[in-house]
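Descriptive structure summary
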Amino acid sequence: MLLEAKNLQKSYNVPVLTDFSFDLAAGEVHALVGSNGAGKSTFARILCGLTQADSGQIGFNGRSCMPRSKREAEHAGISMVMQELNVIGTLTVAENLFLARLPNRAGFVRFGELRGMARQALARVGLDDLDPFTPARFLGVGHQQLVEIASALAQNCRLLILDEPTAALTDPEIDKLFANIRRLQAEGVGIIYVSHRMDEIRQIANRVTVLRDGRRVATHDASAVSPAELVREMVGHDLPPRQTASSRVQGEVAFRVRSLNAGERVKDVSFDVRRGEILGLAGLIGSGRTETLRAIFGADPKQSGAIFVANPSSPPPSHATTIPASPSDALIAVTITSPADAVRVGVGMVPEDRKQDGLLLAQSIRVNTTLATLPQHTRAGGWLDLGAEAKTAETMRERLTVRCASIEQPVSELSGGNQQKVIMARWLLRDCHVLLFDEPTRGIDVAAKDMIYQLLRDLAAAGKAVVMVSSELTELMALCDRIAVMSAGSIAAEFLPGDWTQEKITHAAFCGYLDRQP
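Rules used throughout
- Residues numbered from 1 in each chain as written.
- Predicted model: local features only at pLDDT ≥ 70, side-chain atom pairs only at ≥ 80, totals over all residues.
- Heavy atoms only, no water.
- Helix = DSSP H or I, 4+ residues; strand = E, 2+ residues; numbered from the N terminus.
- Contact = heavy atoms within 4.5 Å.
- Pairing = 2+ DSSP bridges.
- Axes fitted to C-alpha atoms, helices over the stretch in contact; angles between N-to-C directions.
- Phe/Tyr/Trp six-rings, centres within 6.5 Å; stacked < 30°, edge-to-face > 60°.
- Buried < 20%, exposed > 50% of the residue type's maximum accessible area, 1.4 Å probe, protein only.
- Salt bridge = Lys/Arg side-chain N within 4 Å of Asp/Glu carboxyl O.
- Patch = residues over 30% accessible without salt bridge, like charges linked within 9 Å, V, L, I, M, F, W, Y side chains within 5 Å.
- Areas by Shrake-Rupley, 256 points an atom, 1.4 Å probe, with all protein chains shown as cover.
- Core = buried A, V, L, I, M, F, W, Y, C linked by side-chain atoms within 4.5 Å.
- Left-handed = near helix turned anticlockwise from the far one by under 90°.
- Nonpolar A, V, L, I, M, F, W, Y, C, P; charged D, E, K, R; others polar.

Moving on: the side chain of Thr92. Mapped onto the fold, Thr92 is located in the loop between β6 (78-81) and α3 (93-97). In this structure, Thr92 is in contact with Pro132, Phe133, Thr134, Pro135 and Ala136, ignoring residues within four places of it in sequence.

Further remarks concern the sheet that holds strand β1 (residues 3-11). Pairing in this open sheet of four strands is antiparallel, and the strands run β2-β1-β4-β5 from one edge to the other. Whereas interior strands pair on both sides, the edge strands pair on one side only; in this sheet they are β2 (15-24) and β5 (63-64). As paired elements, β1 and β2 share six bridges and run antiparallel to each other. In the strand pairing of β2, Ala5 is matched with Phe22. Helix α1 (residues 40-47) rests against β1, β2 and β4 (55-60) of the sheet, and its axis sits at about 65° to β2.

On to unusual backbone geometry. One non-glycine residue with positive phi stands out, namely Glu439, at about 50°. Looking at where Glu439 falls in the secondary structure, it is placed in the loop between β20 (434-438) and α15 (446-461). Residues other than glycine seldom take positive phi values, yet Ala488 does so here, at roughly 55°.

This paragraph deals with the sheet that holds β6. The six strands lie next to each other as β6-β9-β10-β3-β11-β12, forming an open sheet whose pairing is mixed. In this open sheet, the two edge strands, each paired with only one partner strand, are β6 and β12 (215-221). For this sheet, the mean inter-axis angle between neighbouring strands, taken without regard to orientation, is 20°. Seen against the sheet, α1 touches β3 (29-34), β6, β9 (159-163), β10 (190-194) and β11 (207-212) and runs at an angle of roughly 135° to β3. Set on the sheet, helix α6 (residues 171-186) makes contact with β3, β9 and β10; between it and β10 the angle comes to about 145°.

Evaluated as defined, the whole model comprises seven aromatic pairs. Each ring, one from Phe111 and one from Phe133, has its centre 6.1 Å from the other, and the planes form 80°; the classification is edge-to-face. Here Phe111 is found in helix α4 (residues 111-123), whereas its partner Phe133 is found in the loop between α4 and α5 (141-153), with 22 residues between them in sequence. With relative accessibility at 44%, the residue Phe111 sits in the partly exposed group. Where Phe178 meets Tyr193, the ring centres are 6.3 Å apart and the plane angle is 65°; that geometry is what we call edge-to-face. Here the residue Phe178 occupies a position in helix α6, and Tyr193 occupies one in strand β10, the gap between them amounting to 15 residues. No difference in accessibility class separates Phe178 from Tyr193, as the two residues are buried.

As a further point, take the pattern of salt bridges. Two side chains carrying opposite charge are able to pair once their charged atoms lie near each other. According to the stated counting rule, one finds 23 salt bridges in the structure shown. The closest approach of N and O atoms between Arg379 and Asp385, which form a salt bridge, is 3.6 Å. Residue Asp431 pairs with Lys464 through a salt bridge whose shortest N-O separation is 2.5 Å. Taken together, the residues span a long stretch of sequence, with Asp431 in the loop between α14 (416-430) and β20 and Lys464 in the loop between α15 and β21 (465-469) at a distance of 33 residues. We classify Asp431 as partly exposed; its relative accessible area is 45%. Exposure remark for Lys464: the relative accessible area of 10% places this residue in the buried category.

Let us now look at the environment of Ala118. Structurally, Ala118 can be placed in helix α4. Separated by ten residues in sequence, Ala118 and Asp128 place their C-alpha atoms 9.8 Å apart. Setting aside its immediate chain neighbours within four residues, Ala118 contacts Ala94, Leu97, Phe98 and Pro132.

Right, let's get into the pairing of strand β15 (residues 278-283). Burial of β15 is extensive: six of the six residues sit out of reach of the surface. In β15, alternate side chains face the same way, and those of Ile278, Gly280 and Ala282 on one face and Leu279, Leu281 and Gly283 on the other are all buried. Sheet analysis places β15 next to strand β22 (residues 482-487), joined by five bridges and oriented parallel. From the neighbouring strand, Ala282 faces β22, where its bridge partner is Val485.

A surface patch of nonpolar side chains, amounting to about 380 Å² of accessible area, comprises Leu360, Leu371, Leu374, Leu384 and Leu386. With respect to the secondary-structure elements, Leu384 resides in the loop between α12 (365-369) and α13 (386-399).

For Trp427, the position within the fold is in helix α14. The class for Trp427 is buried, based on a relative accessible area of 9%. Setting aside residues up to four positions removed in sequence, Trp427 forms contacts with Phe297, Val343, Gly348, Met349, Val350, Ala372, Cys432 and Leu435.

Okay, the nonpolar core next. In this structure, Phe255, Phe271, Val347, Trp427, Leu436, Ile483 and Ile505 are the most contacted members of the largest nonpolar core, which totals 77 residues. Here Val347 is in contact with Phe255, Phe297, Val309, Ala342, Cys432, Val434 and Leu436, once residues within four sequence places are set aside. Core analysis: the second largest hydrophobic core is formed by 47 residues, Val33, Leu97, Leu122 and Leu127 among them.

Let us look at the packing of α13 against α14. Axis angle and axis distance: for two packed helices, these are the angle between their axes and the distance between the axes, and together they describe the pair. Interaxial distance between α13 and α14 falls to 10 Å at its minimum, and their mutual angle equals 115°. Seen from above, α13 lies across α14 with right-handed handedness. Contacts between α13 and α14 involve Thr392, Met396 and Arg399 from the former and Ala425, Leu428 and Leu429 from the latter. Of the residues contributing to the contact of α13 with α14, the split by class is four nonpolar, one polar and one charged.

None of the figures reported here should be taken as evidence of function without further support.
Written out as structure tokens, the structure is:
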């Protein structure tokens, strides 16, 4: 075996790995699945030297191997692409690709050689047109993910760990990634593939191991086990049948965007959302979906455009004007130049990059949960009522089943799925009329996905206007009442249930880059 891990133990405030054993052959793809907090990422971090096991043994390539740093692991031939990205925004794409091995002469970087190396690495993940000297901070999460994958592929690794590598990728980009994985298999590279996407596991993996509560439950031939059986082993019981989008009763227009322009990626975007409606935004990575939501929320500046809301959470500012939207409703024009402005008029947002934009990582679950509702937990004189705040946070923790030691645990110690639940708890408490969700199930396990789907349905049933960005078309088609497709910064098409298909949506997503209409 290329890799043999035996009886690994690791605890933080609670045990996260207990007597965990795992093996991998050269040229094999061994998938690792489990609910959020099951211990998957902890095991991967131990292999990469980012976390030290409390006890246990690891054999790699015929030798004992317990790396104490990322560099030591990479020197041994172990590389990892983590779910939470580590791209350095102030460096260029090329510098991120070859940070520890920049070509140089007498200490001076040879930028011509670096450009050539970077172009070759980027071409392997379909980023042929990306300038290697673009600052990484200008890339969206999807492109940053591809850059990290390109960096790992550019190294001479014997063991490659991919932690939710397709979470922010579109279908064509996933196909290209799988082609690279198969090429590495043929070269004898062993691959540990951590994912919540059951269809991908059946496509790419040879074996699959299930983790639950830090323990190995079972290992299967990937082609011989059903998704339902894997889910049952992951959560300990069967999930209820997943619902599809139902015919929700929709009210008047609650949210309107007109002629929105922001930077290079948002061009003359206009749409309406009614009360009780879920509007999906589909499109390729870089099509402008994330940038549209960020501009609406005031996280990024916009050059022009108008935003209208119905029944804002606070009285409209003095410059607001009432605009008749139709004979049956009226909207208020609002100026949003910051997230604080958005929240005041009843607009909340769950961002794509939860660690960078959504959480105070060093702060507790309690603090992060009540961040948008501090006035409700303040006594006379401006003093925070810690008892009331703790009671509210504990209620939301129980409602969303956030797995933690206590509400005082820093959110940095939670799994990605539990971090996402904390952000959603914050906006559920704020009770905004309009909610923007950017990739809300990215990196979330199957059971947590179903819970979030039901939350979105409940919000719509309560009369909220919901806008949702997702790279999973099946997810959009199951949840949404309408789907608007963005291409090259503009809305290229709009579909209703019964009219949409994956082929139609994909065609519309490409049309802006082909200079023709869908």
